[in-house]
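The lines below spell out each chain.
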Amino acid sequence: MPPVTDRMRAMVEIFADEATKAGFGHVAPPMFEEVGVFVRLGEATDVVKKELYSFEDKGGRMISLRPEQTASLCRMFAQRRPVTPWKAWYSGANFRYEQSQKGRFRQFDQVGAEVIGSSDPDLDTELIALAARFYARIGLTRTQLLLNSLGDPADRAVYTDALRSYLSANASGLSEQARETMQRNPLRVLDSKRESDQEVVGGAPRLAEFLSVEATAAFERVQRGLRALEIPFVIESRLVRGLDYYNRTTFEFAAPGLEAAQNAVGGGGRYDGLVADLGGPDEPGVGFALGVDRTLLACDAEGAFEAPVTAPQIWVIATTGGIEAVELADRFRLAGLRADRSDSSRSMKAQMKAANKSGAEVAVIVGPDETAQGAVSIKPLRGQGEQITVPDHASLRTVQEYLQK
Ligand code: HAM
């Protein structure tokens with residue numbers, strides 16, 4: 001509800017503007033897909049294993065509410081084959097059966113942008129820049145960009161083996177949850193926020209040492225690009241994303257004002273291979289999504305991004321029993337002003353009270369005297385100004401002049 005919804009909408013509009021400036025078209029992926037689309041996010045991930053909202057529809061198909069929108073975009077690309085590179089942005093709700101708490105919801109909004117069909121690492125830089133410029137524009141100044149490269153699948157396979165051996169050898173120093181995660185997905189252990197895991201995790205082999213020459217060159221190119229754009233970043237070799245489709249560049253924006261477990265206000269990376277997995281051509285992809293709800297919490301923590309002003313500028317009051325109030329409000333709205341009115345059957349006193357409560361700057365009044373003269377009265381609701389009466393045809397101009405002062 002307002003004012004939160006006003007802020008959310010304003011945020012999406014700013015994102016839309018930034019994405020449009022950068023050459024992205026708008027897409028509206030469906031709210032649900034056949035479950036198979038989302039299983040590609042990684043069968044070992046929490047998002048797929050524990051958090052999907054799935055159900056059988058009346059046609060006997062297994063359906064899931066979307067937990068994110070990248071997989072849908074890849075599925076859309078695979079079916080429609082738009083011209084590459086395909087640059088698309090989106091916004092909307094996602095659903096994950098999480099333990100809800102502050103900053104972690106079962107329904108949450110994202111805005112995101114994806115590019116399918118190019119392996120140019122400069123695109124990774126541009127996408128990160130799009131996110132960074134968006135945060136700056138809404139007034140967030142303390143977000144930290146964490147950057148990593150997960151290498152190519154072959155690099156990761158070698159690394160995962162090395163990591164698994166290391167973690168198994170040191171399993172006694174890990175929490176029970178970490179030992180369980182280690183069996184399914186050793187990389188996720190690196191992401192453990194539990195104090196008791198930190199010593200073992202801190203000593204783990206680093207993925208950076210396992211990257212191929214090509215992956216290393218691409219990663220260096222992204223870093224060079226970010227430096228050229230003066231976007232500060234920190235290399236976080238333990239940054240592991242919660243979805244399995246990533247390779248090469250991965251990144252997250254952390255907001256220090258939020259609790260560590262929920263401080264990622266956005267994240268993304270490359271997902272070369274996902275389109276092919278979904279039955280499409282072997283086209284690379286890269287993108288990110290930002291959590292709108294969580295970004296708002298980060299704004300609150302920094303005292304940034306106030307709700308846009310939506311209060312009416314003009315409040316129309318009529319006590320004649322005619323249609324004047326509706327007509328006047330319509331005239332002001334057609335001229336691009338925010339105008340509202342109260343119920344014309346109520347007393348002057350009650351309508352004035354509503355005008356004062358509305359936050360409007362000026363009241364436009366039509367009573368029996370005004371009707372007799374073909375006039376309206378204009379009463380400033382704030383400051384010193386005097387009430388004046390002008391001919392009806394001058395009402396719009398007079399109000400506009402008043403509002404400009
Ligand atoms: P993700 O990291 O799962 O990535 O989500 C992106 C952002 O959505 C998070 O950083 C967070 O701000 C927000 N978010 C996620 N889950 C929740 C939740 N339960 N409650 C509130 N906010 C949440 C993705 O979704 C990928 N599709 C991003 C991507 C696009 N990668 C490549 N392209």
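How each quantity is defined
- Residues numbered from 1 in each chain as written.
- Predicted model: local features only at pLDDT ≥ 70, side-chain atom pairs only at ≥ 80, totals over all residues.
- Heavy atoms only, no water.
- Near = heavy atom within 4 Å.
- Polar contact = N/O pair within 3.5 Å; in protein donor to acceptor, adjacent residues only side chain to side chain.
- Areas by Shrake-Rupley, 256 points an atom, 1.4 Å probe, with all protein chains shown as cover.
- Helix = DSSP H or I, 4+ residues; strand = E, 2+ residues; numbered from the N terminus.
- Nonpolar A, V, L, I, M, F, W, Y, C, P; charged D, E, K, R; others polar.
- Phe/Tyr/Trp six-rings, centres within 6.5 Å; stacked < 30°, edge-to-face > 60°.
- Buried < 20%, exposed > 50% of the residue type's maximum accessible area, 1.4 Å probe, protein only.
- Lys NZ or Arg CZ within 6 Å of the ring centre and 35° of its normal.
- Pairing = 2+ DSSP bridges.
- Contact = heavy atoms within 4.5 Å.
- Axes fitted to C-alpha atoms, helices over the stretch in contact; angles between N-to-C directions.
- Parallel < 35°, antiparallel > 145°, perpendicular 65-115°, else oblique.
- Left-handed = near helix turned anticlockwise from the far one by under 90°.

Inspection of the region around the ligand gives 27 residues, with Glu68, Thr70, Glu98, Glu114 and Tyr246 positioned closest. The contact in question runs from an oxygen atom of the ligand to an N or O atom on the side chain of Gln110, over 3.1 Å. At 2.9 Å from an oxygen atom of the ligand is found a main-chain nitrogen or oxygen belonging to Ala264. Protein contact buries 96% of the 660 Å² of open area that the ligand shows by itself. Listing elements by their share of the shell around the ligand, those giving two or more residues are strand E6 (107-116), strand E10 (264-270) and strand E11 (285-291). The element contributing the most residues to the shell around the ligand is E10, with 6 residues. Broken down by class, the residue content of the shell around the ligand amounts to 11 nonpolar, 9 polar and 7 charged.

Below, the discussion takes up the packing of aromatic side chains. Aromatic ring pairs: the centre-centre distance and the angle between the two ring planes describe each pair. Using the criterion set out here, one finds 12 aromatic pairs in the structure. Ring plane angle 70 degrees and centroid distance 6.1 Å describe the contact between Phe15 and Trp89, whose orientation is recorded as edge-to-face. Here Phe15, found in helix H1 (residues 4-21), pairs with Trp89, found in strand E5 (residues 86-95); they are 74 residues apart in sequence, far enough to count as distant. The class of Phe15 is buried, set by a relative accessible area of 0%. Ring centres of Tyr245 and Tyr246 lie 4.6 Å apart, and the angle between their planes is 55 degrees; on these two criteria the pair is classed as tilted. For the pair Tyr245 and Tyr246, a shared accessibility class is recorded, and that class is buried. Sitting over the face of the ring of Phe24, Lys87 holds its NZ or CZ atom 4.9 Å from the ring centroid. Seen from the ring of Tyr97, Arg106 lies directly overhead, with NZ or CZ sitting 4.1 Å from the centre.

With that settled, consider the sheet that holds strand E7 (residues 144-149). Here we have 8 strands laid out as an open sheet, ordered E1-E5-E6-E11-E10-E9-E7-E8, and mixed in their pairing. The open sheet has two edge strands, strand E1 (25-26) and strand E8 (234-235), and neither has a second partner. Where E10 lies against E11, 5 bridges are found, and the strand directions are antiparallel. Bridging across to E11, Gly268 finds its partner in Phe288. Where helix H5 (residues 121-137) meets the sheet, it contacts E6, E7, strand E9 (247-254), E10 and E11, and its direction lies at approximately 15 degrees from that of E11. Against the sheet, helix H10 (residues 213-228) touches E7, E8 and E9, its axis set at about 160 degrees to E7.

At a closest axis distance of 11 Å, the pairing of helix H13 (residues 324-334) and helix H16 (residues 395-404) adopts a crossing angle of 55 degrees. What the angle tells us is that H13 and H16 run oblique. Viewed along their axes, H13 and H16 form a crossing whose handedness is right-handed. Residues Leu328, Arg331 and Phe332 of H13 pack against Ser395, Leu396 and Val399 of H16. Of the residues belonging to the contact of H13 with H16, the class tally is 4 nonpolar, 1 polar and 1 charged.

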